[in-house]
Structure formats: C-alpha cells, structure tokens
Amino acid sequence: MTDPTVAASLAGPGDPGDRRGGSASAVPATTAPAAEPAPSLLKAGRRTGAQQGDRIFRGFATGSGAFMVALIGAIGLFLLIQAVPSLLANKGNFLTGRTFEAGDPNNLNFGILELSFVTVEVSIFALVLAMPVGLGIALFLTQYAPRRVARPFAYLVDLLAAVPSIIFGLWGAFVLAPAILPIAEFLNEHLGWFFLFQEGNVPLARGANVFTAGIVLAVMILPIITAISREVFERTPRAQIEAALALGATKWEVVRTTVLPFGRAGYISASMLGLGRALGETIALMIILAATPAMFSGSLFDGGATFASMIALSFAELNNNLSAGAFIAAGLVLFVLTFVVNAAARLIIARSGAKA
Amino acid sequence: MAKRLDLKDVDIYYGKFHAVDGVTLAVPPRSVTAFIGPSGCGKSTVLRTLNRMHEVIPGARVEGEVLLDGEDIYNSAVDPVAVRRTIGMVFQRPNPFPTMSIRDNVVAGLKLQGRRNKAELDETAERALRAANLWNEVKDRLSKPGGGLSGGQQQRLCIARAVAVQPAVLLMDEPCSALDPISTLAIEDLIAELKKDYTIVIVTHNMQQAARVSDQTAFFNLRATGEPGHLVELDDTPKMFSNPTQQATEDYISGRFG
Amino acid sequence: MTTTIDLDAPAREPTFVGVSAGRRMKNAGATALVGLAFLIALVPLIWVVYSVLANGAGAVLNSQWWSQSLNGLLARQQGGGAYHAIIGTLFQGLVCAAIATPIGIMVAVYLVEYGGRSRLARATTFMVDILTGVPSIVAALFIYAVWISIFGLGRSALAVSLALVLLMVPVVVRSSEEMLRIVPDDLREASYALGVPKWKTIVKVVIPTALSGMLTGVVLALARVMGETAPVLILVAYAPYINFNIFEGNMASLPLLMTVERNNPTDAGSYRVWGAAITLILIITLFQLLAAFLSKVTAPKTK
Ligand SMILES: Nc1ncnc2c1ncn2[C@@H]1O[C@H](COP(=O)(O)OP(=O)(O)O)[C@@H](O)[C@H]1O
Ligand SMILES: [Mg+2]
C-alpha cells in the first residue's frame, strides 16, 4: 500500500523554490548522440506553458474543493433567506405550533412541533428495528459467512440501497401494510394500554401509520448501517482475533472480546448515519403515512407527516414565495437536524480512528 | 549530450529531519558513478536531489548547489520540469504505465511533452528500445500493454522510456534489486553500453555490481542511527575496492558490517 | 529433587479440555442470530422485487409501454406507455451526470493530488461527507430557493438535474477519490522523472490509470440518483406527453409518473404505477450492469 498522505500532498513540481544567486552560465554542449543541441536549463525553464498549465489546473481543482465547502454554507444561507420573510409573517409560533397552515400567504400560521414528533418517532422506531439486525448482518458477513460467499451476500444487502425509495413506499403502502395488519391488530388489542400501541388517529385497517412507515424505513436504512459497520468490523486487528482464539475462545467470545469493542464507535456512527437518512426520507413516508387533521398522540398507529413528507406533499401546488418560505423554513430545520446528526456521526468515526 | 554534475556542500532535509549532510562530489560525463552504503544512509535521497525529484515529497528541501555543466539546477528561474527532462531516472521497481502499450510507454515522455509526429515517435521508440536491448524481444508486440512483460523486460522498458527523451544524465536507483540474476546481467550490459552516450549515476546495494559496472564509486555512511548520512569517500572504482583510503570503507567493502 | 505424587489424578491429562455446555450454547445461539439477521434482510429484498415483478410485468410485456406516452388518455383508460417518463428520467439523469462528473472528479483530484492535509482539504472532505447525508428534499428546496425564488426561473427538468447534481457529486467524489488514491506513487514519479508537468501527469497518467474504477463509480452514482423522487416533485410539473426540452415546460419521469398515478384508483392507474416501478428497476439494473461491464472493458490490460 502506498501511503495516501504522501500521495495526497505531492507538492507541485512547478512550485517555485527560493531564489538564489544565478550561476547560469551556459557551458558548451558536448557532442550529443542525437542531432539536437543541448539546451540550457535556464532557457528551457522560463515560466513556460507547462507552469501556466499547472497553475490553471491546480486552480480548478482547488476551486472545486472550495466550492464543496461553500455549497453547504450556501444551502443553509439560501434556505434562511427564503425562510425569514415567512417566519416574520407567521402568526403562529414556529417552534411550538402544531398546525402548518401555509397555503394562504396573507394568513400564515405554521409550527413544526407536530412534524417533529412524527419525524422523531418514526425515525427512532426504524432505528430500533434496524440497529440489531444491521449489527447481526455485519457480524455475519465479516465474521461468520465463509469468505467465498461473503462478497455476494454483502452485494445482496447493498442491493437494498439501490431500490428507489418510491418503490419501497409503494410496496409499504400496498403490499406490506395489509400483510402486517394482523400483527398491528394483535399489538393494539393486547398492549393497547401502552401509549405506543394505543388506538391511533387514523383507521388501523389501512395501515397508513407510523408502524408501517417505521418498518419500511428500517429496511431502507439497513444497508447503510450494515455497510459501514462491516467496514469497521473488517478492520479488527488480526492479531487481536488470533490472541483471543489462542486463549481457547469460542467464535462468539472472539466477537464479543475483540470485534465488538473495536468496532463499537463505527457501529454507533453507522447507526447515526442511518438515523440521518431516516430523518430526511421523503417519498416513502409521503406515500405510506395518511395525512390527518388529528393531533399526534405518540401511538405507532398514528398517521401524520414528517418534515420531509409534508414538504413533498404540499410543495407542488405552491405559487407564491411566502407560502414556499414556510415550507423552506421547515426544510431548513430538517437540514440543520441532519447536519448535526451526520456531523456527529463523522466526528465519532474520525475520533475512533477507524475511518469509514 | 552527456553532461557533468557537481554537488557542492549539499544538505538534504525531510521536514525537520536532516537526512544527508554536506555532500560534495563530481560526476564526470560519459561515466558510471556508483553510490554504495548501508541502507538508510541517504543514497536514494542524494540521487533524487539530482533531478529535483526530492521536492515532490511534502516538506522536503535541499541546501547547497547542484550544478549541471555549471548551471545550478536549483536556481529559482529553473523549472524543475525542465531539470527532469534533462536528467532522467529509473526506479527500483519497474513502473511502466499500465494504461499504455509498449510503444506508448517508450514515447510517453515525448508524447506528454506534446510531440505528435507519428513517424518521429515510431523512430524514437525503436531507437530507445534498441538502446535498451529490448527491441528484438518486443518488436512484434509493440501495441501490447507494457504490464504483460517480465520484470526484467519491464525494467528495460523503463530504461528505454527514460532514454527516449534523450536526457543528459541517467539516474538509476537500485534498478536490479527486484530482478532475477539473468535480467540483472542484461541490465548491467546495458549500462556499459549506455555509458557511451550518457552520464550515469547508479545506486546499488550489491558491491559486485558496483565493481562490475562503475568507473567511480561513492561510499555513503551513517555515523549513528538518527544522524544524517554523509559521503565517506569517492574514488575510482578499482582503487575503492582494492585500496580505499578510509577504514570505514574498507570495513564495509570487506563485509565487516552493513 | 522431591516429587509429590497425587494418586487420584488420571494417569495423563486429557488431550483437550472440553468447552463448557453453557459457552457452547451461547456460541450456537449467537451464530443462529447473526445468520437470522442476514435472512431477515433478504425478506424485504425478495418481497419488494417480487411485488414489483408480479404487479408490473403486464405493463412492460406490452410493446406499447416502451413506445407510447400517456398523452390524451383518461385516468381509467387502458393502454399507453411510459415512453415520456423513460425519456424524462434518462434526460434528467444524463444532464445531471454531465454536470456532476467533472465537478466530482476535480474535487477528488484536489483531495488526492493537491489538498494534502491542508485546512481546506479537511473541510472539503467533511463537507462532502455532510453533502452525502443531505436529504434529497433539502437539495430540492435549495435549488428551488436559488433557481425559482431568486432567479425567477420556471420549474423545469434542468432544475431537477441541478438538484440531482447535489446528490450525485459526493458519491462521485468518494469513488473517484478512492480510485485515485490506489494509483501507485511510482507512476506519478515515473512521469515527473520524464519531465512531465504535474497537471499533465494527472490528466494523462493518473486519471487514465484510475479511469476504469471512476467510470464505474459514476455510472453507479447515476443509477442511484435516477430513482430520486423528491426533486421531481418540487422542481418540475408532470406532463403525460413527451417533452424533449429540459429548459422549460413540464416533463415526466418514472418517479413522477408513479406519484401522480398513485392517486388514480382505477386499474389503469395501478397498471401504470407498477409498470413504471418495474421500468425504473430495470433501468437501474441496466446501469449497474453497464457499470460492471465498463469496469471490465476499461480496466488496464496486461495481455
Ligand atoms: N519520504 C521520506 N520522508 C521522511 N524521511 C525519509 C523519506 N524517505 C527517506 N527518508 C529517510 O531518509 C534517510 C535516507 O533514506 P534513503 O535515502 O532512502 O536511504 P537509502 O536509499 O540509502 O537506503 C532514512 O533515514 C530514511 O528514513
Ligand atoms: Mg534506497
């Protein structure tokens, strides 16, 4: 392996050195095998086209890097610029309001509390389902599956990430929801005393609730959690594993004493990246969740809307900047939320030294 | 076109690390100069300062003067790219460009410098491959990838690539260390022929090789680990191997350490 | 020397000390659980693919589907096809790729060849990571805010492509970066030693060596963004007819066709939705195969 940091920073050959006293007397060229006369280095070395090319190319590359940095700032800034007029015109409280009425630009009354409830509950529910399964898959693929099949198996799991979310949405709404209805009914009937399983604010029979949405979301974030955990688990030092094996540890004991401690930070940040994805998922939730005027009660059998699904559902009809600004304000909150979650995940992974 | 090289009190650094201390030596044209010494003493480092390859490593810098026919290659008005065009280099591991055919590898330097004339390039390719004693082995497969050749052939391909740009000086960093004995002999024969046209500096850890191919030999050493490397002595090869001036050289050559 | 002899000890130690039953059970349980986790992941994959195939096969087996639009058809009228939406999806995806690929590759070149450990390089890496996690709806709102609210331009397929660029660039950067980093330094040095300037070394030696993997990454990234729905919902209106103009007017795409026809309760609606779903999956699969094919044929050869 070449050291990437060395590769990363090969200084430009065109970088000027410090100027010294010129000892540039051209010396008579000795006879050459080829007909060409030996040129003086100095003559060949004037600020040539080559150096021009180097400067331009370097400028382009560096500019592209700087563009990436500026882009994130620009996203926040432009969303803010569009959101401010609407926030000022808002008659309700943006943070604590539970209704989102933004259709009439002269009568804006929107708040994000309701959206936050649904967004957080559906994302957490998805995470609770996906985390253990993702951990199991990552362990299976890196520690248990025979080398030969581990790769194709991993590819299968990655395929889940290639399925567009709209297709997951359709599947969730039309195929999965009716199929899991008996489970939902069972939970509601027997555990209905617990707020998660109490009667929801939309009819249970349609399955257009957080329960269905969370399961679909769990499937969607599974490949993210698995892929990154796998990468980290794979990097468990061979020596540690062999040391544990040499002590007579069983496979599971090896995993528990070496792989899990080594990969814990990576697994946690993988899960947070999954959470980030869940918070921002749009179309699948828009298709699955039934809109309802009723308030969110905390039940998994509630309908409602998340930040993303509400924006997607209403945005197409908008025709004025003030209404759009209200939704953009909600989008800004979502942006900040996912930024924080993703940044935290990246920091955890960077700290742990196991970069994914 | 061969030129002479003079190093005057050259100090070489990797960031804060002082790798080589105060080297002064002269390399006459049309001769082979061998650098020998224990590993880590700075042979490659010195070699790479001779065509300003040293400075591609971040933080690396050079003090002192390196003169090519009297002209300081570190003069700020000199483009390092021009220096490397004039002073070619062959590396320890053969490194043909994997995306290019054998012919394109040989003329890569010219093509990348903007030459387009096909007839001229073909002619150069043949001349360089003949000079590298590779022509007969590859003339029927010039359009095949260079990566398909054997290690020794690849190294000769790299030599052909280096001579195709008609440098004045050819630097070689342990060019045979990754090769089998037969390929090594082929390269040694080649060096003897190239000497007629080029100034050659070769790093080798193989003392028999230094004795066989070089006209003069420079022995580098470390005073202690962590100390910078330095030039112990430089002399005609027969003298170095029979009757060196320095005790350290004698010890190293007779295999008493290193 | 004195030795004490324990007369009750067996004549010789057993060769292997057995593993206790509890430990063995735990081990077997863990093995079963991780295997089960993997099987659980396969269930939705197979189920989704099966549902799409079962519901959509009828549509795509009809040749009209590939050659006609839905222009002039009523909601409940059978027939017609997704040609207009396929065109839209491909157009929007290709325009996006045409913009995102050079940007992504240049950013990767910056990170690998120029950035080193500088502050800007670290910031760039971090921001690329963050951009990977930006929800598609936020990318769409950003383009809306700039393109439509501020510049006053209309909704169009081009706006969709621009939003997709935001989603595609980080993926291209990541894969290109990885490919550039595995190009051995030997090759860069060989090129420098021939007197080739750095930028030409990058363009003519480093990038061609990495090209195979980079192309594959670009095609895979494209396959990912073509299924994105949020940007098309926000940035362009649906058209049941064919539109080749990416600069203005309504334009269909497969995801948009699905969201629109989802509200169509007739059999024709279901036909169209699932037909579009299977078509989208087919296109994505095709691009994935193309990626695999490209990496095969463009890989540096040794024979
Ligand atoms: N890229 C580098 N960065 C920092 N130190 C280096 C680098 N390359 C070589 N060195 C150091 O410089 C010294 C000389 O190395 P080198 O010239 O490779 O020795 P030789 O070729 O004689 O074996 C060694 O101490 C080595 O560790
Ligand atoms: Mg060396």
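Residues numbered from 1 in each chain as written. Chains lettered and ligands numbered in written order. Predicted model: local features only at pLDDT ≥ 70, side-chain atom pairs only at ≥ 80, totals over all residues. Heavy atoms only, no water.

An unreviewed UniProt entry annotates chain C as Phosphate transport system permease protein PstA originating from Pseudonocardia asaccharolytica DSM 44247 = NBRC 16224. A UniProt comment under Subcellular location (unreviewed entry) is attached to chain C, and it reads "Cell membrane". Reading the Sequence similarities (unreviewed entry) entry of the UniProt record for chain C gives the comment "Belongs to the binding-protein-dependent transport system permease family. CysTW subfamily." (UniProt positions renumbered as here; feature names shortened; annotations may be inferred.)

The name recorded for chain A in an unreviewed UniProt entry is Phosphate transport system permease protein, from Pseudonocardia asaccharolytica DSM 44247 = NBRC 16224. In the Function (unreviewed entry) part of its UniProt record, chain A is described as follows: "Part of the binding-protein-dependent transport system for phosphate; probably responsible for the translocation of the substrate across the membrane."

All right, on to helix α11 (residues 307–315) of chain A then. Of all 9 residues making up α11 of chain A, 7 are buried, and the element is well covered by its neighbours. Of all the positions in α11 of chain A, only Phe 307, Ala 308, Ser 309, Met 310, Ile 311, Ala 312 and Phe 315 of chain A are classed as buried. (Buried < 20%, exposed > 50% of the residue type's maximum accessible area, 1.4 Å probe, protein only. Helix = DSSP H or I, 4+ residues; strand = E, 2+ residues; numbered from the N terminus.)

Let us now look at the packing of helix α3 (residues 83–115) of chain C against helix α6 (residues 157–181) of chain C. All names here are of chain C. Axis separation between α3 and α6 bottoms out at 6 Å; the angle between their running directions is 35°. Regarding α3 and α6, the two cross each other, and that crossing is right-handed. In terms of residue class, the contact of α3 with α6 is made up of 23 nonpolar, 5 polar and 2 charged. (Axes fitted to C-alpha atoms, helices over the stretch in contact; angles between N-to-C directions. Left-handed = near helix turned anticlockwise from the far one by under 90°. Nonpolar A, V, L, I, M, F, W, Y, C, P; charged D, E, K, R; others polar.)

Another point: the site of ligand 1. All names here are of chain B. As a structural note, the neighbourhood of ligand 1 is formed by Tyr 14, Phe 17, Ala 19, Ser 39, Gly 40, Cys 41, Gly 42, Lys 43, Ser 44, Thr 45 and Ile 57. Contacts to ligand 1 include Lys 43, whose backbone N or O atom sits 2.9 Å from an oxygen atom. Between Thr 45 and ligand 1, the recorded distance is 2.4 Å, taken from a side-chain N or O atom to an oxygen atom. Across the complex, the protein chains shield 62% of the 560 Å² of accessible surface that ligand 1 would expose by itself. Where the shell around ligand 1 is concerned, the elements lending two or more residues are β2 (17–27) and α1 (43–49). Per-element tally for the shell around ligand 1: the top contributor is α1, with 3 residues. Class assignment of the residues belonging to the shell around ligand 1 gives a composition of 5 nonpolar, 5 polar and 1 charged. (Near = heavy atom within 4 Å. Polar contact = N/O pair within 3.5 Å; in protein donor to acceptor, adjacent residues only side chain to side chain. Areas by Shrake-Rupley, 256 points an atom, 1.4 Å probe, with all protein chains shown as cover.)

Turning next to the packing of aromatic side chains. Counted according to the given criterion, the structure contains 27 aromatic pairs over all chains. Members of the aromatic cluster, each reached through a chain of ring pairs, are Phe 125, Trp 193, Phe 194, Phe 195, Phe 197, Phe 211 and Phe 301 of chain A. The ring of Tyr 144 of chain A is capped by Lys 251 of chain A, whose NZ or CZ atom sits 5.5 Å from the centre of that ring. We note Arg 61 of chain B situated over the ring of Tyr 13 of chain B; from NZ or CZ to the ring centre the distance is 4.2 Å. (Phe/Tyr/Trp six-rings, centres within 6.5 Å; stacked < 30°, edge-to-face > 60°. Lys NZ or Arg CZ within 6 Å of the ring centre and 35° of its normal.)

On the surface, Leu 77 and Ile 81 of chain A together with Ile 150, Phe 151 and Leu 153 of chain C cluster together into a nonpolar patch covering about 450 Å² of accessible area. One can find Phe 151 of chain C in the loop between α5 (136–150) and α6. Residue classification places Phe 151 of chain C among the exposed positions, given a relative accessible area of 52%. (Patch = residues over 30% accessible without salt bridge, like charges linked within 9 Å, V, L, I, M, F, W, Y side chains within 5 Å. Salt bridge = Lys/Arg side-chain N within 4 Å of Asp/Glu carboxyl O.)

Attention shifts here to the sheet that holds strand β6 (residues 87–90) of chain B. All names here are of chain B. Overall, mixed pairing links the 10 strands, which are arranged β5-β4-β1-β2-β10-β9-β3-β8-β7-β6 in an open sheet. Among the strands making up the open sheet, the edge pair consists of β5 (71–72) and β6. When β2 meets strand β10 (residues 229–236), the two strands line up parallel, connected through 2 bridges. The partner of Asp 21 across the bridge, within β10, is His 230. Against the sheet, helix α7 (residues 151–164) engages β6 and β7 (169–173), with an angle of about 175° to β6. (Pairing = 2+ DSSP bridges. Contact = heavy atoms within 4.5 Å.)

On to the interface of chain B and chain C. Taken together, the contact pairs 31 residues of chain B with 20 residues of chain C. Interface area for chain B against chain C, summed over the two sides, is near 2,000 Å², with a carbon-plus-sulfur share of 66%. Broken down residue by residue, the surface that chain B buries against chain C is led by Phe 97, Pro 98 and Leu 112 of chain B, which jointly contribute 28%. Connecting chain B to chain C are 2 salt bridges. Residues Arg 48 of chain B and Glu 189 of chain C are paired through a salt bridge, measuring 2.8 Å at the closest nitrogen-oxygen approach. In this structure, the connection of chain B to chain C is made through 6 residue pairs in polar contact (both at pLDDT 80 or more). Elements represented by at least two residues in the side of chain B that touches chain C include exactly α2 (80–86), β6, α4 (108–112) and α7 of chain B. (Buried area = accessible area lost by both parts, 1.4 Å probe.)

All names here are of chain A. With their axes 9 Å apart at the nearest point, helix α4 (residues 113–144) and helix α9 (residues 251–280) run at an angle of 145° to one another. Considering only the axes of α4 and α9, their crossing is right-handed. Contacts between α4 and α9 involve Thr 119, Ser 123, Leu 127, Met 131, Pro 132, Leu 135, Leu 139, Gln 143 and Tyr 144 from the former and Lys 251, Trp 252, Val 255, Val 259, Leu 260, Tyr 267, Ser 271, Leu 275, Ala 278 and Leu 279 from the latter. Classifying every residue of the contact of α4 with α9 by side-chain character gives 14 nonpolar, 4 polar and 1 charged.

What follows concerns the nonpolar core. Leu 79, Phe 100 and Phe 315 of chain A together with Met 168, Ile 234 and Leu 235 of chain C are the most contacted members of the largest nonpolar core, which has 286 residues in total. Counting residues per element, this core draws most heavily on α3 of chain C, which supplies 15 residues. Dropping the residues within four chain positions of it, Ile 234 of chain C is found in contact with Ile 311 and Phe 315 of chain A together with Ile 137, Ala 140, Leu 141, Tyr 144 and Arg 155 of chain C. The next biggest cluster of nonpolar side chains, apart from the first, holds 5 residues, and it includes Ile 228, Ala 270, Ala 345 and Ile 349 of chain A. (Core = buried A, V, L, I, M, F, W, Y, C linked by side-chain atoms within 4.5 Å.)

Next up on the list: the UniProt feature "domain: ABC transmembrane type-1" (unreviewed entry) in chain C. This chain's UniProt record puts "domain: ABC transmembrane type-1" (unreviewed entry) on residues 86–295 of chain C. Segment residues 86–295 of chain C splits into 79% helix and 0% strand. End C-alpha atoms: 25 Å apart.

Before going further, it helps to spend a moment on the pattern of salt bridges. For the coordinates displayed, the defined rule picks out 28 salt bridges over all chains. In this structure, Asp 104 of chain B engages Lys 111 of chain B in a salt bridge whose closest nitrogen and oxygen atoms are separated by 3.5 Å. For Lys 111 of chain B, a relative accessible area of 29% puts it in the partly exposed group. When the shortest N-O distance is used, the salt bridge between Arg 188 of chain C and Asp 185 of chain C registers 2.9 Å. Note that Arg 188 of chain C and Asp 185 of chain C are positioned in helix α7 (residues 185–193) at a spacing of 3 residues, about one turn of the helix. Grouping residues by exposure puts Arg 188 of chain C and Asp 185 of chain C together as buried.

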